[in-house]
Amino acid sequence: MIFAIEEINNNTELLPGVKLGYQIHDSCASVPVTVHVAFQLSNGHDPLFYTDNDCSQSGAVMAVIGESGSTPSISMSRIIGSFNIPQVSHYATCACLSNKKQYPTFFRTIPSDQYQADALAKLVKHFGWTWIGAIRSDSDYGNNGMAAFLEAALRAGICVEYSESFYRTNPRSKIQRVADVIRRSTSTVVVAFAAPGDMKFLLEELAEDPPPPRQWIGSEAWVTDPHLMSFRFCAGAIGVAIQQSVIPGLRDFLLNLSPSQVTASSVLTEFWEDAFNCKLKNTDLDMRVCDGTEDIKKISNPYTETSQLRITNMVYKAVYAIAHAIHNAVCREANETIMCDKHIKLESSQVFSRLKKVNFSRNGYHVSFDVHGDPVAFYELVNWQKIDNGVTELVKVGYYDGSLPIGRQFRINQNLTWLDGSNQVPVSSCSKSCPSGTRKVLQKGKPICCYDCIPCPEGEISNMTDSPDCFPCPREFWPNAEKDACFPKPVEFLSFDEILSIILATFSVSGACLTITIAAVFFHHKTTPIVRANNSELSFLLLFSLTLCFLCSLTFIGAPSEWSCMLRHTAFGITFVLCISCVLGKTIVVLMAFKATLPGNNVMKWFGPPQQRMTVVSFTFIQVVICIIWLIVSPPFPVKNLTTFKEKIILECALGSAVGFWSVLGYIGLLAVLCFVLAVLARKLPDNFNEAKMITFSMLIFCAVWIAFIPAYVSSPGKFTVAVEIFAILASSFGLILCIFAPKCFIILFQPEKNTKKYLMNKNPK
C-alpha cells in the first residue's frame, strides 16, 4: 500500500500536485479492534491533538482500504457506511457484502465468493465427482461461502456426505471430531472453504494418524498458502486462486530498506530480527545484536519473493481505485493539461460516488466495479504438484473468467497430478454409474447420488449412463438384449420358406394332385356302373370343388396383402359350400333313389339332374351373396398385430366384419349338419355300395374337424392361427376325398369284378 501511494504521489498524470496521506492500523484479525479503528477513523481526528502549525497529520478520512477478513469487514462497513465513507477491501470475499442495502459503501478488488462457489462447483462437476465432503471455517467467510457452494453443487447434481464447521480457537476435541468425520467418510473428495489459519489446525490433526487418502479442493484463502504446502499428504490438491500478477518496481522498493526505516516500524523490526536471527537492540542475551552487515538482498523468503503476488495486487488495485476516484473529484483536464484543485473541500461522499464509476487499467489489470461493488471475477485454477526433490509447488492448470459467456467461463487442461501423485482422476461417488439399459432408483433415506441400478422394464430402454428413467420404444420397435437401443420388431407371418409352411403346402398340393388323379380315374372309367351309380356329374363337380379346397389353402401362406386377405376367406367359404352342396346333392340322390324303388313312387322325376344342379347352384349362390355383402360392408384387410406378442409384429388378416366371417363358417356348418343328418338316415338302406355310409363318415370327420377348429383358432397365437385354419381345410378335404372316393377307386382299380351292375343291384350278397 505504501509503495502504491508513493508511486501515485510521484505520478504526474494521476493527481498531479496532490499528495495522498495514510494511516495504517493493525486489526490483528480481531473484530473488537476493527470496530475500535472504524470509530476512530469515522470521527475524522487522530487520538492526539496537534498544537503546532503542521496540521496535515490530522484530517477527515476519505476512504478506507480493508479489512482482510469478511467478518471484520462486515463490522467496519456497518459503522463507516453510516458516514458515507467508502471502504475498498482487498481480501473480504463474503457474498453477503454485495448487498448494497446493508453495506452501501463497500467495494472490493477481489471477486465475491458467489463466483468462487460457482467455480468450485464447476470444478467438481468437471471431474465427475458427485459424492463429496465439505468443511468450512466457522466464520462469515466460511459459512457464507460454503452456503453458496452447496447451493451451486445442488444445482449441478452433486451430493454432500457431510458438512462440518470449525474454527482455530475451538477446543481440540471439536477439531478432532471433524478430522474423524473425514477419516470415516466414504467420499474421496473434500471441499474446504476455510481460512489458512483454520486449515493449519485441521491438517495438523489429520497428520497425527496416518492421514486418509483424500482429494482436497481448496478455496482461494488457503490453497496458495506456502506454509500449508508442507503437508505432503495434501499433494494433488486443486483449487481456485487469485490471479498471479507482477507489480513493476515493488521488489526494488521492498529491498531498499534503511536501518532507520526498520527501527521506526515495529512490524519491520520483528521481520528483520526473524529474518537475520539477531536483535536490533541488545535486549536478549541469547541472541546476537545486528551489526549492520545484514543484507536483505541476499536472503530468500516470502518478503523478497514478488513473482507470486496475488493478494498484494488486490491492495495495489484498491489504492489506485481510490486515487482515481479522488482524481475524478478534484481534477479537470483543460487544453490537454490536468489541473487539480488542492484547496477544494473534498467530502467522502464525493469519493464514494466517483468510486462507483472508476474504470481503468494498471499494469495490464483492469479495475472497475459493478452495481454491487464487485469486480469482474477471474480466478486461476491451481494444482499442488510434487517436483523431483519432493517439494510441492503451485502450478496453474486453468482459469475461471466470469466475464465470458456461460459455457466458456471455465477452462482446465489435463496436466494435473492427484492424490498420492497419481495421474488418474480419483473417483468419488456414492454409487457406481448405472450403465445403459438400466435406470437409477434412489436408496431410501439417502441423498439423490445414492441409488441402485435397476434394469429397464420390458419394452423400455435407456441409452445413456445414469439415466433417471427408461423410456418405451416406438410401437413397432423393441429393445435389444442390452436394452440400450430400439430396433424394428421382426415381422412374423406364415411364409413359404418355413418348415411348417412347406409341410402344409406339400399336403395341399398333394391333395390337389390326388383329387385330379381320382378325377382322371373316374373319367377313364366313366361308363362303369360304380361311377354312374350315383350321379357322375355331381362326383366330378365334387372332385373339382375339392381340388379348389386344397388349393385355396395356399392363399393363407405368405405375407398378407389387401387382395390375399379378401381372396383367402371368400375362396375358402365358396369352395367349401360348393363341396358340401355336392355331397348334400349326392345324399339326397341316394335317398330319392331308394324311395323310387317303391311301387307307385315316381319321386326321381322331381329330383333329376337339373334339380340336382339347381340345388348345388342355389346353395352356393347363397354363400356367394354372403361373401359379397361381407366384402362390400367390411372386407378383411392386412393388419400389424402389435398386442399378441410385445417383441414382434404379427402380420395377419383382420376379419373386417366378425359377423361376416362367422356367417360364412356358420353357413358351411349348417349345410354340413344337414348333410350329416340325411346321410345318417340313408346309411342302412340296402345296397352293396351304399354311398350314404361313406358320406356319413366323411361328414362326421368334417364336423369334428371344424368343431375342434373353433377353440384352436381362437387360442392359437400369431401365425399358428393361420396354420390351424389351413390344417382344418386340409383335414376336412382329405376326410371327404378318402371317405367318399377312396373305396370306389379301390374297387375300380383292384376289384374290377365288383364293378358290375349285377353286383351293385344284389341286395343280399353272399
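How each quantity is defined
Residues numbered from 1 in each chain as written. Predicted model: local features only at pLDDT ≥ 70, side-chain atom pairs only at ≥ 80, totals over all residues. Heavy atoms only, no water. Helix = DSSP H or I, 4+ residues; strand = E, 2+ residues; numbered from the N terminus. Rg over C-alpha atoms; globule rule 2.2 N^0.38 Å. Contact = heavy atoms within 4.5 Å. Areas by Shrake-Rupley, 256 points an atom, 1.4 Å probe, with all protein chains shown as cover. Lys, Arg positive; Asp, Glu negative; His and termini not counted. Charge placed at Lys NZ, Arg CZ, Asp CG, Glu CD. Pairing = 2+ DSSP bridges. Core = buried A, V, L, I, M, F, W, Y, C linked by side-chain atoms within 4.5 Å. Buried < 20%, exposed > 50% of the residue type's maximum accessible area, 1.4 Å probe, protein only. Axes fitted to C-alpha atoms, helices over the stretch in contact; angles between N-to-C directions. Arc of directions from axis to C-beta. Left-handed = near helix turned anticlockwise from the far one by under 90°. Nonpolar A, V, L, I, M, F, W, Y, C, P; charged D, E, K, R; others polar. Patch = residues over 30% accessible without salt bridge, like charges linked within 9 Å, V, L, I, M, F, W, Y side chains within 5 Å. Salt bridge = Lys/Arg side-chain N within 4 Å of Asp/Glu carboxyl O. pLDDT = per-residue confidence, 0-100. Expected span 1.5 Å × (residues − 1). Disulfide = S-S within 2.5 Å. Parallel < 35°, antiparallel > 145°, perpendicular 65-115°, else oblique.

Peer 1: Just to check I follow, could you spell out the overall build of the protein for this structure?
Peer 2: When its secondary structure is counted, the protein shows 22 helices and 24 strands. A compact globule built from 766 residues should have a C-alpha radius of gyration of about 27 Å, whereas the protein, at 53 Å, is more than 25% larger. Taking the principal axes of the C-alpha coordinates as reference, the protein spans close to 170 × 60 × 40 Å. Contacts spanning at least 24 positions in sequence make up 65% of the contacts within the protein whose residues lie at least 6 apart. A total of about 38200 Å² of accessible surface is found on the protein, and carbon and sulfur atoms cover 60% of it. Taken as two groups, the 65 positive and 63 negative side-chain charges of the protein have centres that lie 21 Å from each other.

Peer 1: What should I look at first to understand the pairing of strand β14 (residues 392-401) in this one?
Peer 2: A regular strand places its side chains so that they alternate between the two faces of the sheet. The pairing of strand β13 (residues 378-386) with β14 spans 9 bridges and is antiparallel. If you follow L381 over to β14, its bridge partner there is G398. As consecutive antiparallel partners, β13 and β14 are separated by 5 residues, and within that stretch G390 has a phi angle of approximately 85°, a positive value. Taken together, the 3 bridges between β14 and strand β15 (residues 410-412) define a ladder with antiparallel strand orientation. Opposite G398, over in β15, you have I412 as the bridge partner.

Peer 1: I would appreciate a short explanation of the nonpolar core in the present structure.
Peer 2: One broad trend across soluble globular proteins is that nonpolar side chains are buried collectively. Residues F572, M699, F702, W706 and F741 are the most contacted members of the largest nonpolar core, which totals 67 residues. The leading source of residues in this core is helix α16 (residues 562-596), at 12 residues. If we skip the residues at most four places from it in the chain, F572 touches C552, F556, L567, L665, I668, W706 and I729.

Peer 1: Looking at this model, I keep getting lost on the pairing of strand β24 (residues 649-654). Mind explaining?
Peer 2: Counting buried residues along β24, 5 of its 6 residues qualify, which places the element largely inside the surrounding structure. As judged from the 2 bridges shared by strand β22 (residues 491-492) and β24, these two strands associate in the parallel manner. Paired with E492 across the strands is I650, a residue of β24. Sheet topology note: the strand β23 (residues 637-641)/β24 ladder contains 5 bridges and is antiparallel. Bridging across to β24, V639 finds its partner in E652.

Peer 1: Explain the sheet that holds strand β3 (residues 106-108) here, please?
Peer 2: Across a sheet, paired strands are connected by hydrogen bonds in the backbone, their directions being either parallel or antiparallel. The parallel open sheet is built from 3 strands, whose spatial order is β1-β2-β3. The sheet terminates laterally at β1 (64-65) and β3, the two strands that pair on one side only. Taken together, the 2 bridges between β1 and strand β2 (residues 87-89) define a ladder with parallel strand orientation. Bridge pairing in β2 places I65 opposite V88. Where helix α3 (residues 70-80) meets the sheet, it contacts β1, β2 and β3, and its direction lies at approximately 165° from that of β2.

Peer 1: What's the story with helix α12 (residues 348-355) in this structure? I'm lost.
Peer 2: Quick reminder: α-helices carry 3.6 residues per turn. Residues three or four places apart thus point the same way. Three or more residues of α12 are buried, namely S348, V351, F352 and L355. Down the axis of α12, the sector holding all buried residues measures 105°, keeping them to one side. On its buried face, α12 is in contact with β2, β3 and α11 (311-330).

Peer 1: Looking at this structure, how should I read the packing of helix α6 (residues 172-184) against helix α7 (residues 196-208)?
Peer 2: If you want to describe how two helices pack, look at the angle between their axes and the distance between the axes. Where α6 contacts α7, the two axes come as close as 9 Å, and the packing angle between them is 65°. Crossing handedness for the pair α6 and α7: right-handed. Judged by residue contacts, R172, I175, Q176, V178, A179, I182 and R183 of α6 engage F201, L202, E205, L206 and E208 from α7. By residue class, the composition of the contact of α6 with α7 is 7 nonpolar, 1 polar and 4 charged.

Peer 1: Would you explain a nonpolar patch on the surface in this entry?
Peer 2: A surface patch of nonpolar side chains, about 600 Å² in accessible area, is lined by F621, V625, I628, I629, I632 and V633. As for its placement among the helices and strands, F621 is situated in helix α17 (residues 609-633). Take F621: its relative accessible area is 52%, and that puts it in the exposed class.

Peer 1: How should the confidence of the model for the protein be read in this particular structure?
Peer 2: Fine structural detail should not be taken from predicted coordinates in areas where pLDDT scores are low. Mean pLDDT over the protein works out to 85, with 92% of the residues at or above the 70 mark. With pLDDT under 50 throughout, residues 53-57 is counted as low confidence; its partners more than four residues away or in other chains account for 3 contacts.

Peer 1: Explain α7 to me, please; I cannot follow it from the model alone.
Peer 2: In this model, α7 (13 residues) spans 19 Å end to end at C-alpha, consistent with the 18 Å of a helix rising 1.5 Å per residue. Of the residues making up α7, those classed as buried are D198, M199, L202, L203, E205 and L206. Projected down its long axis, α7 carries its buried residues within an arc of 155°, all on one side. Lining the buried residues of α7 we find β4 (131-137), β5 (159-166), α6, β6 (189-193) and β7 (215-218).

Peer 1: Can you help me understand the sheet that holds β23 in this one?
Peer 2: Taking strand neighbours across the sheet as the criterion, the 3 strands line up as β22-β24-β23 in an open arrangement whose pairing is mixed. With one partner strand each, in any of the chains shown, β22 and β23 form the two edges of the open sheet.

Peer 1: Where do I start with the pattern of salt bridges in this structure?
Peer 2: When their charged atoms lie close together, side chains carrying opposite charge are able to pair. For the structure shown, the criterion picks out 17 salt bridges. The closest approach of N and O atoms between R172 and E205, which form a salt bridge, is 3.1 Å. On the criterion of sequence distance, the pair formed by R172 in helix α6 and E205 in helix α7 is long-range, its members being 33 residues apart. Note on R172: relative accessible area 46%, which makes it partly exposed.

Peer 1: Can you help me understand the state of the cysteines in this one?
Peer 2: When the sulfur atoms of two cysteines share a covalent bond, that bond is a disulfide. The final tally for this structure, using the stated rule, is 9 disulfides. The partner cysteine of C456 in its disulfide is C470, sulfur to sulfur 2.0 Å. With the S-S dihedral at roughly -80°, the linkage between C456 and C470 falls on the left-handed side. Of the two residues, C456 is situated in the loop between β17 (451-455) and β18 (460-461) and C470 in the loop between β18 and β19 (471-472); the sequence distance between them amounts to 14 residues. Owing to a relative accessible area of 2%, C456 belongs among the buried residues under this scheme. The class of C470 is buried, set by a relative accessible area of 12%. Not part of a disulfide, C745 finds its nearest cysteine sulfur in C739, a span of 13 Å. Here C745 falls in the buried class, since its relative accessible area comes to 11%.

Peer 1: Where do I start with the packing of helix α13 (residues 499-524) against helix α20 (residues 719-740) in this structure?
Peer 2: It is the contact of α13 with α20, at a shortest axis distance of 11 Å, that shows an interaxial angle of 20°. Between α13 and α20, the crossing angle belongs to the class labelled roughly parallel. In the packing of α13 onto α20, the handedness of the crossing is left-handed. Across from L500, L504, F507, S508, G511, L514, T515 and I518 in α13, the residues of α20 making contact are F720, A723, I726, L730, F734 and I737. Tallied by class, residues from the contact of α13 with α20 come to 11 nonpolar, 3 polar and no charged.

Peer 1: Would you mind showing me how to read the environment of S260 here?
Peer 2: Within the element layout of this structure, S260 appears in helix α9 (residues 259-264). A C-alpha to C-alpha distance of 19 Å links S260 and K298, two positions 38 residues apart in sequence.

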